[in-house]
Amino acid sequence: EVQLVESGGGLVQPGESLRLSCAASGFTFSNYGMSWVRQAPGKGREWVSGINNAGTITRSTDSVKGRFTISRDNAKNTLYLQMSSLKPEDTAVYYCAKGRRFTTPSTLADLDSWGQGTQVTVSS
């Protein structure tokens with residue numbers, strides 16, 4: 001059974017940073033691309049960033065480029081999202097998600113398993 005457990009969310013002020021982590025189990029982590037997805041209050045889920053199985057190819061949505069960095073440690077079965085220069089519009093529940101293949105997931109349709117999410121709130 002695929003299990004994805006996010007951690008690292010919290011309340012921060014605009015301009016501050018956070019690092020999210022996702023502990024993966026129940027599948028061969030190094031064989032699959034992974035993504036971060038978020039859902040803001042009252043809105044649908046939005047794909048944020050993706051990374052291929054080897055960690056060599058990453059993609060991000062335009063609104064977070066230059067501010068968010070996705071990475072992974074295959075030895076630790078862990079996915080990360082380093083978020084800097086956070087803005088109030090980044091407030092959302094952030095989900096870790098497993099891709100269907102080894103390539104970099106770039107849409108919600110490329111994903112087949114989800115964690116329970118971690119809340120990120122950016123407010124002064």
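These numbers come from a predicted model, not from an experiment.

Quick notes on the rules
- Residue positions are counted from 1 within each chain, in the order its sequence is given.
- Local features in this predicted model are restricted to residues of pLDDT 70 or higher, and side-chain atom pairs are both shown and tallied only at a pLDDT of 80 or more, whereas totals for entire chains, interfaces and linings draw on every residue.
- Think of the side-chain values as coming from all heavy atoms in the structure, minus any hydrogens and water.
- Each salt bridge in this description consists of a side-chain nitrogen of Lys or Arg and a carboxyl oxygen of Asp or Glu lying within 4 Å of one another.
- Relative accessible area decides the class of each residue, using a 1.4 Å probe on protein chains only: under 20% of the type maximum gives buried, over 50% gives exposed, and in between gives partly exposed.
- Secondary structure elements follow DSSP: runs of H or I no shorter than four residues count as helices, runs of E no shorter than two count as strands, and numbering proceeds from the N terminus.
- The nonpolar core is taken to be a set of buried Ala, Val, Leu, Ile, Met, Phe, Trp, Tyr and Cys residues, with the residues joined through side-chain atoms within 4.5 Å.
- Strands qualify as paired when DSSP identifies two bridges or more between them.
- Fitting a line to C-alpha atoms yields each axis, with helices limited to the stretch in contact; the angle taken between N-to-C directions then spans 0 to 180 degrees.
- Criterion for a disulfide: a pair of cysteine sulfur atoms at a distance within 2.5 Å.

Draft legend 1. Looking closely at the pattern of salt bridges. Within this structure, the stated rule accounts for five salt bridges. With a closest N to O distance of 3.0 Å, Lys65 and Asp62 form a salt bridge. Here Lys65 and Asp62 have matching classes, each one exposed. Between Lys98 and Asp112 there is a salt bridge, with the nearest N and O atoms lying 3.1 Å from each other. Here Lys98, found in strand β9 (residues 92–99), pairs with Asp112, found in strand β10 (residues 111–114); they are 14 residues apart in sequence, far enough to count as distant. A single network of salt bridges, built from pairs that share partners, joins Arg38, Glu46, Arg67 and Asp90.

Draft legend 2. Spotlight on the nonpolar core. Ranked by internal contacts, the top residues of the largest apolar core, which has 24 residues, are Met34, Trp36, Phe68, Leu79, Leu81, Met83 and Tyr94. Contributions of two or more residues to this core are made by β3 (18–25), β4 (34–39), β5 (45–51), β7 (68–73), β8 (78–83), β9 and β11 (118–122).

Draft legend 3. The sheet that holds strand β1 (residues 3–7), seen in detail. The strand order across the open sheet built from four strands is β1-β3-β8-β7, with neighbouring strands paired in antiparallel fashion. At either end of the open sheet lies a strand with only one pairing partner, and these are β1 and β7. Strand after strand, the sheet turns through a mean of 15° between neighbouring axes, direction not considered. Where β3 and β8 come together, six bridges link them in antiparallel fashion. Residue Ala23 lies in a different strand from β8, and its bridge partner there is Thr78.

Draft legend 4. Layout of the environment of Phe29. Inspection of the secondary structure assignment puts Phe29 in the loop between β3 and β4. In this structure Phe29 comes out as buried when scored by relative accessible area, which is 2%. Spatially, the C-alpha atoms of Phe29 and Asn53 are 7.7 Å apart, while their sequence positions differ by 24 residues.

Draft legend 5. Structural view of the state of the cysteines. Per the stated rule, a full pass over the model turns up one disulfide. Across the disulfide, Cys22 is cross-linked to Cys96 (sulfur-sulfur distance 2.1 Å). Disulfide Cys22-Cys96: torsion about the S-S bond near -70°, hence left-handed. One end of the pair, Cys22, is in strand β3; the other, Cys96, is in strand β9, with 74 residues separating them in the sequence. With respect to burial, Cys22 and Cys96 carry one shared label: buried.

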